[in-house]
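Understanding the architecture of this molecule
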Amino acid sequence: MRDYIELFFLFLCLLASLTAFFQGPSPLFLRVFPFYFFIALVVQVIGFYLSRHSLSNINLYSIYSILEFSLYFFILREIIRNRKIKLIILIVIIVYATATLLHLFFFKKGQTFHSAPYAIGCSLVVILCIIYFIELFQLPKAPSLKNEPSFWICTTFLFSYVCSFPFWGLLNFIKTAPRIILGNLMNIALIINILTYCLFIIAFLCRIKIRRSTL
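Residues numbered from 1 in each chain as written. Predicted model: local features only at pLDDT ≥ 70, side-chain atom pairs only at ≥ 80, totals over all residues. Heavy atoms only, no water.

1. With respect to the nonpolar core
When a protein is soluble and globular, its nonpolar side chains tend to lie buried together. With 55 residues, the main nonpolar core has F33, F37, I75, V125, I153 and F157 as its most contacted residues. Residue assignment for this core shows that the elements contributing at least two residues are α1 (2-17), α2 (28-31), α3 (33-52), α4 (58-79), α5 (83-107), α6 (115-138), α7 (149-168) and α9 (179-205). Once you skip the residues sitting within four places of it in the chain, F157 turns out to touch F33, Y72, I75, L76, V125, C129 and F200. (Core = buried A, V, L, I, M, F, W, Y, C linked by side-chain atoms within 4.5 Å. Buried < 20%, exposed > 50% of the residue type's maximum accessible area, 1.4 Å probe, protein only. Helix = DSSP H or I, 4+ residues; strand = E, 2+ residues; numbered from the N terminus. Contact = heavy atoms within 4.5 Å.)

2. Thoughts on the side chain of T156
Counting through the fold element by element, T156 comes out in helix α7. Overall, the relative accessible area of 0% leaves T156 in the buried class. Here the side chain of T156 touches W152 through a polar contact of 2.6 Å, landing on its backbone oxygen. With sequence-adjacent residues up to four places away left out, T156 is seen in contact with T196, L199 and F200. (Polar contact = N/O pair within 3.5 Å; in protein donor to acceptor, adjacent residues only side chain to side chain.)

3. Things to note about a nonpolar patch on the surface
Among the surface-exposed residues, F11, L15, L18, F21, F22 and F35 lie close enough to one another that they form a single nonpolar patch of about 640 Å² accessible area. Summarising the element assignment, L15 is placed in helix α1. Note on L15: relative accessible area 42%, which makes it partly exposed. (Patch = residues over 30% accessible without salt bridge, like charges linked within 9 Å, V, L, I, M, F, W, Y side chains within 5 Å. Areas by Shrake-Rupley, 256 points an atom, 1.4 Å probe, with all protein chains shown as cover. Salt bridge = Lys/Arg side-chain N within 4 Å of Asp/Glu carboxyl O.)

4. With respect to the environment of C13
Within the element layout of this structure, C13 appears in helix α1. Overall, C13 belongs to the buried group, its relative accessible area being 0%. For the pair C13 and F33, spaced 20 residues apart in the sequence, the C-alpha separation amounts to 9.1 Å. When near neighbours in sequence (up to four residues on either side) are disregarded, C13 contacts F37, Y197, F200, I201 and F204.

5. Some remarks on unusual backbone geometry
Phi at S54 takes a positive value of approximately 55°, unusual for a residue other than glycine. Inspection of the secondary structure puts S54 in the loop between α3 and α4.

6. Considerations on the packing of aromatic side chains
Counting across every chain of the model gives 24 aromatic pairs. Geometrically, the ring pair formed by F33 and F204 is edge-to-face, given 5.2 Å between the ring centres and 70° between the ring planes. Placement of F33 in helix α3 and of F204 in helix α9 is noted, with a sequence separation of 171 residues between them. Residues F33 and F204 agree in their burial class; the two are buried. An angle of 80° between the planes, with centres 5.4 Å apart, marks the rings of F37 and F200 as edge-to-face. (Phe/Tyr/Trp six-rings, centres within 6.5 Å; stacked < 30°, edge-to-face > 60°.)

7. Focus on the confidence of the model for the protein
Here the protein averages 84 in pLDDT, and 84% of its residues register 70 or above. For the protein, the element scoring lowest by mean pLDDT is helix α8 (residues 171-174), at 56; α3 scores highest, at 92. (pLDDT = per-residue confidence, 0-100.)

8. Quick notes on the packing of α4 against α6
It is the contact of α4 with α6, at a shortest axis distance of 10 Å, that shows an interaxial angle of 15°. Relative to α6, the element α4 lies roughly parallel. As α4 packs across α6, the resulting crossing turns out to be left-handed. From α4, S65, F69, Y72, F73, L76 and I79 reach across to α6, where they touch Y118, G121, C122, L124, V125, L128, C129 and Y132. Looking at side-chain class alone, the contact of α4 with α6 contains 12 nonpolar, two polar and no charged residues. (Axes fitted to C-alpha atoms, helices over the stretch in contact; angles between N-to-C directions. Parallel < 35°, antiparallel > 145°, perpendicular 65-115°, else oblique. Left-handed = near helix turned anticlockwise from the far one by under 90°. Nonpolar A, V, L, I, M, F, W, Y, C, P; charged D, E, K, R; others polar.)

Next comes the structure, spelled out in structure tokens:
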């Protein structure tokens, strides 16, 4: 049941992200999301299939997390204004993706999730989100945040990784916990994912202007 709920909300995100192509000129960081959500949907379907057939999906999600973090770094690079930070992020993308791939194929032991690279990725995303918010607060005239996709996207990143870091970052240590504890943790992870998807949907729909009828 948890699998279908998550797939449903992920599919809603995919549909909402398609509005980036129908709302006039949209920034690049919005137009890449439909492709990302489509890949995420395919990965989740494969991952759930493997899990249901008692096959390991650890390597699948490990490889997917590299794509996910690299894309999020790119999106944050598009959102952040400081040119020096943009250059640093470009270097981070190259170094992180290369180092994580090397770790995955040459240093990771057995069917274990690459917790250390994941924890580093979480930390980097949170730091870049904080940099964005600092820039936002320093603007002479801040935009209307309720209609600003970049604000909602960074809020989504910050919420998602601050909440999910304790779970995924320590996955290799808690996977041997009693079944009832694992079940509760999976329910918590599902709630975090649903809230994350809802924030993403707001980010894509916040630019839609609703005309109020006048009598």
